[in-house]
Amino acid sequence: MRIAPSLLLASLLLVASIPGKAFCPKNGFVCFITSKSAGSLTHQDITQRGIEALDKRYFAVPKLTASMQKALDQIIEADAKVDEDQTSSAKHFDGENAAGAQLRLATLKQNVLDALRSDPINATGARDNLGSALHTIQDFYSHSNWVEQGNSAAHPGVGRPGALPFAGPATPTCSGFTDTGLTCANSSNIIGSLLTSGYYGGEDRVKPGAFKCSHGGPLDKSSPSSDPVGYFREGINKDTLYCDISPHSSYHGTAAAAAIAGTQQFIEDIKAEITPAQLKALLGAGPTLAFAIDTTGSMGGIIAGVRASAASIVDARLGTDEEPLQYVLAPFNDPSTGPTVATNDAALFKSFIGGLGASGGGDCPELAMTGMYNGLSLADPGGDLFMYTDATAKDAGLAGAVISLAKSKDIKIYPMLFGSCSPLTPGYLQAAAETGGQVFFLFGSEAGTVTQLADLVGRNNVVQLLSTVDTYASSKSYTVPVDSSMTRLTVSVSGTLQGMQPTVTLTRPDGVVVTLANATKYLSLSSGVIISIDNPPRGAWTLAVGNSSDQTYVNVNGIADLAFSSFKLARFGAMPPHQGLLAIDGEPGPGQALYAIAALTGISSAPQFQLRRKNFELLSPLALEQDQTDNGKFFGALTVPNEAFVAYATGTDSSGFPYQRLVSVLVQPQTVSVTPPSRQDLRPGVTTTLTYQVRNDGPAGTFGISATDDQHYITSVSPTTLTLASGATANVTVTLAPPAGARIGSSDSITVTAQSSSVITVHNSASLTVFVTGAVQLPGRPDFVAQIVGQENVAPGVVGVDVRLTNTGVGTARDMTLSSLSMHTLSGSGAVTLNAALSPALPFVTPNVDVGSFYTVRLTFNVPSTVKRFSVSENGSVSDLDGVIYAYSQAQSIIPK
């Protein structure tokens, strides 16, 4: 007997949610909770280490800049999303499917090249395709016998043209196993000199027989059982240091090191085929300079001031490390916007902004929100957007979409407002507050002066120390700690009463007050003050603000190596058994149980984290654990507060000086939620419909629905208004029609927003990036297999189940329809019913599901406590390309937790 049944049950409960396939997910949390595998390198570790080393070598930097880390985070996210599909052997180099994996890598590499060669450069599409490819490359080293053959470097053929010397389907590759101990899966014995990779149960490559290797581990049904109850299974995977999961765990370190080398080899191959500017775009080597400018007639003097100031910023940075990676210009007026320009050519940008003129107008409102959205859609993640107008927003209902897109890209919005016709649209103030930006309400003659702020904050290594929105009828003081890594300190304070300047006093640690005479830059504006000091003395500075009774913005920025680079809320995601923490889309719900993931760079010891209100009041401390393989990553459980908050990190640097940092994006818990569909590819000239779900957990209300996308492929949104009772859910369909000339490999990001018609702060959104594919739609019969890929107790007696339906047929599916559900109690007593308020309305239709692709639907059931086990059957129909309709029915068994 290898292990006592009680201990075996405990082990089974533990590994039910830990990875069984591929290197651990993108964060180390799942590996960390199993102490035996603490120190296992994850996909995130491998990608981070591989690309970080290349960044430092390519761009001669001692550490990654903020924009480089943002680009790397995008690549890591795309790498992680591959684990949402555990049925395709080619994606994971499983089942000796080297030909499929190599074809996949060739396609993804070409997509990267196409995206980088597009005009404007499609950096997001390039990074998404690169991350997806890197997952497959990294899995080669964990799932094949490359390192068992004595190799420790990158394979010279993976991801490059040509076949790999893999064993054929009839060639034996494994013979028996070695019993590795009481609690470890058994280590398969590899035979022969050819490359092989393990088969995994449930994938599209069925193991030919016992003479082939299995992936292995407790959840791999392809491997024979060497334990009476079927728990210990033999195989060859090296995913972790935990032997129960990885039979060849002793090779994990070597496989991870080879995967890092393979990651770098693939990027080096891409580098050889692109220009230096395209490489900078791919890896985020530079900040973004983005402007959205009102061009109506009354803006003539303002445009002239912005033009001169922006041109001087561009000229001053040419040839320096601070030369922008990307310039974005988004003009708007009424009734039109654009053309929006995104370029890495400084001279071209100057010619566009130099060509801006002011004309037309007549009525006050302008399409400011659309202008900002257009600029955001083309802007690279991270950075700032400066918007200039003297008018209210005609399209104020798009404020939620603008804010959501800016927050998803971590872009701060700076509305520069000039008092011609009541420009203080509430959405402007909200956009600045929620993104960590700032509102300035000025006279037209100050446009050029305030634009200098773009030069101060639009830098590679900008960090934020303080970001508040408050009123200051009486003076309030803040301690601003300047640590040893800071080379510049910038304070900007602005009120929203035109002509009313707040009182601002900035005092150095030695008690000397900063003035025009001793500051590097001191800009005194009619309703604000901007102060910048180069090489500020270390220690505790004091900032006092007063004489401003209306809404006032206070931002303290710095240039420093020590940075709080990201703070995200996450949930368990991906397909079992390879689950991990994946960032949520949009805003969380109040009281929701999630995980917080934080990342800092340049720290010498673990910081303390706090959740604070936007006015800097402490809401609660936040306890986060340090990741075992990356001391700059932290994670921990978080119950979402019932009010908005930002995350701060404090501590002492390596020289003992205190520091303070924050991620200034405001987390605004929402009672309305928007859920996107599974990603679906687009085809040139083919109309595609996406179905989103909107749910209202607050009081009954009416919501305006808007949808916007980067490429302007959207042709309709239905409905545009929803009235939802409390707890109700409804579907929203978004139809896209890419033109026949749409470029293969290009991406389109769609944002669907639900905005309360009565409460401006109640809004939420979901974003989805889809790609234009050149894959041929296949004739023949589609067929579907359903799997449960997630289960959650939504409330007492209410169970949510994520059901994934995968097209396993030979033909492309059209109009895949889920028509009805039937539930049966299998154990216990009582009747299970569908929770109609929390489930999508039936029939639920999704079009164009390719062979091997899938869609996922969340179904919610009312389950009496007396029901111990029940089944659910999904019934529906699907048509092929010729319009022939086929019926399907699938059933699963569910055990309430």
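These numbers were taken from a predicted model, which means no experiment stands behind them.

What counts as what
Residues numbered from 1 in each chain as written. Predicted model: local features only at pLDDT ≥ 70, side-chain atom pairs only at ≥ 80, totals over all residues. Heavy atoms only, no water. Disulfide = S-S within 2.5 Å. Helix = DSSP H or I, 4+ residues; strand = E, 2+ residues; numbered from the N terminus. Buried < 20%, exposed > 50% of the residue type's maximum accessible area, 1.4 Å probe, protein only. Pairing = 2+ DSSP bridges. Axes fitted to C-alpha atoms, helices over the stretch in contact; angles between N-to-C directions. Arc of directions from axis to C-beta. Contact = heavy atoms within 4.5 Å. Polar contact = N/O pair within 3.5 Å; in protein donor to acceptor, adjacent residues only side chain to side chain. Salt bridge = Lys/Arg side-chain N within 4 Å of Asp/Glu carboxyl O. Expected span 1.5 Å × (residues − 1). Phe/Tyr/Trp six-rings, centres within 6.5 Å; stacked < 30°, edge-to-face > 60°. Lys NZ or Arg CZ within 6 Å of the ring centre and 35° of its normal. Left-handed = near helix turned anticlockwise from the far one by under 90°. Nonpolar A, V, L, I, M, F, W, Y, C, P; charged D, E, K, R; others polar. Core = buried A, V, L, I, M, F, W, Y, C linked by side-chain atoms within 4.5 Å.

Undergrad: Which residues make up the state of the cysteines, and what are the values?
TA: In total, this model carries three disulfides according to the counting rule given. The disulfide partner of Cys 174 is Cys 213, and the gap between their sulfur atoms is 2.0 Å. Every disulfide takes its handedness from the sign of the S-S torsion; for Cys 174 and Cys 213 that torsion is 95°, giving right-handed. Taken together, the positions of Cys 174 in strand β1 (residues 174–178) and Cys 213 in the loop between β2 (187–190) and α8 (252–271) put the pair 39 residues apart, joining distant regions of the chain. With respect to burial, Cys 174 and Cys 213 carry one shared label: buried.

Undergrad: Quick rundown of the sheet that holds strand β27 (residues 688–696)? Include the residues and the values.
TA: Strand order in this open sheet of four strands is β26-β27-β31-β29, and the pairing throughout is antiparallel. Of all strands in the sheet, those bounded by a partner on one side alone are β26 (672–675) and β29 (714–718). Taken pair by pair, the neighbouring strands of this sheet meet at an average axis angle of 20°, ignoring direction. As judged from the four bridges shared by β26 and β27, these two strands associate in the antiparallel manner. Among the inter-strand pairings, Ser 673 is bridged to a residue of β27, identified as Arg 695.

Undergrad: Please set out the sheet that holds strand β21 (residues 618–622) residue by residue, giving values where relevant.
TA: Here we have four strands laid out as an open sheet, ordered β21-β20-β24-β25, and antiparallel in their pairing. Each edge of the sheet is formed by a strand with only one pairing partner; in this case those strands are β21 and β25 (658–667). The sheet shows a mean angle of 25° between the axes of neighbouring strands, taken without regard to direction. Of the pairings in the sheet, the one linking strand β20 (residues 608–612) to strand β24 (residues 645–652) comprises five bridges and is antiparallel in character. Note that in β24 the partner of Gln 610 across the bridge is Tyr 648.

Undergrad: Any chance you could break down helix α11 (residues 346–354) for me, citing the residues and the numbers?
TA: For α11, the full list of buried residues reads Ala 346, Phe 349 and Ile 353. End-on view of α11: buried residues confined to an arc of 60°, all on one side of the axis. In this structure, the buried side of α11 is in contact with β3 (288–294), α10 (300–317), β4 (326–332) and β5 (341–343). Where α11 begins, one side-chain oxygen reaches toward the backbone nitrogen of Ala 347, 3.0 Å away; that side chain belongs to Asp 345.

Undergrad: Tell me what's going on with the pattern of salt bridges, and back it up with residues and numbers.
TA: Summed over all chains, the structure comprises 23 salt bridges. Across the salt bridge formed by Lys 56 and Glu 52, the nearest N and O atoms sit 3.4 Å from each other. Here the residue Lys 56 and the residue Glu 52 both occupy positions in helix α3 (residues 43–59), the gap between them amounting to four residues, near one helical turn. Lys 407 is paired through a salt bridge with Glu 587; the nearest N and O atoms lie 2.3 Å apart. One end of the pair, Lys 407, is in helix α13 (residues 399–408); the other, Glu 587, is in the loop between β18 (580–583) and β19 (593–601), with 180 residues separating them in the sequence. Judged by its relative accessible area of 15%, Lys 407 falls in the buried class. For Glu 587, a relative accessible area of 15% puts it in the buried group. Overlapping salt bridges, with partners in common, bring together Lys 407, Glu 434 and Glu 587 in one network.

Undergrad: Which residues make up helix α7 (residues 123–143), and what are the values?
TA: If you check α7, its first and last C-alpha atoms are 30 Å apart, about what 21 residues at 1.5 Å a residue would give, namely 30 Å. Along α7, 21 of the 21 residues are buried, which leaves the element largely enclosed by surrounding structure.

Undergrad: I'd like a description of the packing of aromatic side chains, backed by residues and values.
TA: Scanning the entire structure with this criterion turns up 18 aromatic pairs. A centroid spacing of 6.4 Å and a plane angle of 80° characterise the contact between Phe 564 and Phe 567, whose relative ring orientation is edge-to-face. The same class applies to Phe 564 as to Phe 567, namely buried. Clustering of aromatic rings is evident, with ring pairs tying together Phe 291, Tyr 327, Phe 349, Phe 386, Tyr 388 and Tyr 414. Geometry around Tyr 472 places Lys 476 over its ring, the cationic atom sitting 5.4 Å from the centre.

Undergrad: Tell me about the packing of α3 against helix α4 (residues 66–81), and name the residues and values.
TA: Packed helices, taken two at a time, are described by their axes: the angle between them and the distance between them. α4 packs onto α3 with a crossing angle of 145° between their chain directions and a minimal axis gap of 10 Å. As for the relative orientation of α3 and α4, their crossing is right-handed in sense. Within the contact between the two elements, α3 uses His 43, Gln 44, Thr 47, Gln 48, Ile 51, Asp 55 and Phe 59 and α4 uses Met 68, Gln 69, Leu 72, Ile 75, Ile 76 and Asp 79. Along the lines of polarity and charge, the residues of the contact of α3 with α4 split into six nonpolar, five polar and two charged.

Undergrad: With reference to specific residues and values, describe the nonpolar core.
TA: Within the largest apolar cluster, 48 residues are counted, with the highest numbers of intra-cluster contacts made by Phe 93, Leu 130 and Tyr 141. The set of elements that each furnish at least two residues to this core consists of α3, α4, α6 (98–117), α7, α8 and α9 (276–283). Residues in contact with Leu 130, not counting those within four places in the same chain, are Ile 75, Val 112, Phe 266, Ile 267, Ile 270 and Leu 282. Val 328, Met 369, Met 372 and Tyr 428 belong to the second-largest nonpolar core, a separate cluster that totals 33 residues.

Undergrad: I'd love a proper account of the environment of Asn 535, names of residues and values included.
TA: Along the chain, the position of Asn 535 falls in the loop between β14 (528–534) and β15 (539–546). Judged by its relative accessible area of 58%, Asn 535 falls in the exposed class. Separated by 344 residues in sequence, Asn 535 and Ser 879 place their C-alpha atoms 68 Å apart. Contact partners of Asn 535, with chain neighbours within four places excluded, come to Thr 487 and Arg 488.

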